[in-house]
Amino acid sequence: MIRIFPPSQTLPLITTEAVDYTTHKRLIHSIRTAVFVQEQNIPAEFEIDHDDPISQHVLAFCQGEAIGTGRLTPAGKIGRVAVSRPLRRQGVGLCVMHRLITLAKRDQHAEVVLSAQYHAIPFYEKLGFQPEGSVFLEAGINHVKMRKKLRRAPHAEASRTDRRRCFGWQEA
């Protein structure tokens, strides 16, 4: 169950966790299915793929409920970023991305790439991603490849749970 917070009410603390896929796949796929399969009509068979078991997964929580997710593949590709509909545009996606980028730095990736849905390009640009190449169709939706160079952080912190408010996050 997702609680809806009126615009006038401040969203409670959002936490992110790097989670074990096997243990948390029900929560991960619940959010992704709602967003990608039910809302965007992406075929269900595309929702789960061979990268899921080998990727690092992040869940965002608000008051103990899973409200967002994303993953980082071993090759440094960020994907499957999804936020429950009632809580979009409240910083949840930013929190998920912050955690994924921190994990990529910890793992010494020189850069991260993603395939952004066309409407989400401005969101990723605010995080420092640059579009590359032409628009392409993926699962019937316009996408653009985007890339972000990562500054090496010799002691990048990526603790299992991040309990800070992650609004207004800036890359150090």
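About the cut-offs
Residues numbered from 1 in each chain as written. Predicted model: local features only at pLDDT ≥ 70, side-chain atom pairs only at ≥ 80, totals over all residues. Heavy atoms only, no water. Pairing = 2+ DSSP bridges. Helix = DSSP H or I, 4+ residues; strand = E, 2+ residues; numbered from the N terminus. Salt bridge = Lys/Arg side-chain N within 4 Å of Asp/Glu carboxyl O. Buried < 20%, exposed > 50% of the residue type's maximum accessible area, 1.4 Å probe, protein only. Polar contact = N/O pair within 3.5 Å; in protein donor to acceptor, adjacent residues only side chain to side chain. Contact = heavy atoms within 4.5 Å. Right-handed = clockwise from strand over helix to strand, strands pointing away.

A. Just the pairing of strand β7 (residues 141–149), in detail. In the sheet, strand β5 (residues 111–117) pairs with β7 via 7 bridges, with the strands oriented antiparallel. Its bridge partner being in β7, E111 is matched across the sheet by K149. With 6 bridges joining them, strand β6 (residues 130–138) and β7 adopt antiparallel strand pairing. Considered in β7, the bridge of P131 is made with M146.

B. Inspection of the pattern of salt bridges at higher detail. Scanning the model with the defined rule gives 12 salt bridges in all. A salt bridge links R32 to E47; the shortest N-O distance between them is 2.3 Å. Placement of the pair is R32 in helix α1 (residues 21–39) and E47 in helix α2 (residues 44–47), with a sequence separation of 15 residues. Exposure class is identical for R32 and E47. Each is buried. Residues D107 and R106 are paired through a salt bridge, measuring 3.0 Å at the closest nitrogen-oxygen approach. Residue classification places D107 among the partly exposed residues on the basis of a relative accessible area of 31%. Salt bridges here are not isolated pairs; linked through shared partners, they connect R32, E47, D49, D51, D52, R71 and R80.

C. Up close: the side chain of S55. Inspection of the secondary structure puts S55 in the loop between α2 and β2 (56–62). A polar atom in the side chain of S55 sits 2.6 Å from the backbone oxygen of D51. Not counting chain neighbours up to four residues away, the residues in contact with S55 comprise R71, L72, T73 and P74.

D. Just the pairing of β5, in detail. Most of β5 sits inside the fold, with 5 of its 7 residues counted as buried. Pairing geometry for strand β4 (residues 77–83) and β5, over 2 bridges, is parallel. Within β5, the position partnered with I78 by the bridge is L114. Traced from β4 through helix α3 (residues 92–106) to β5, the parallel crossover comes out right-handed.

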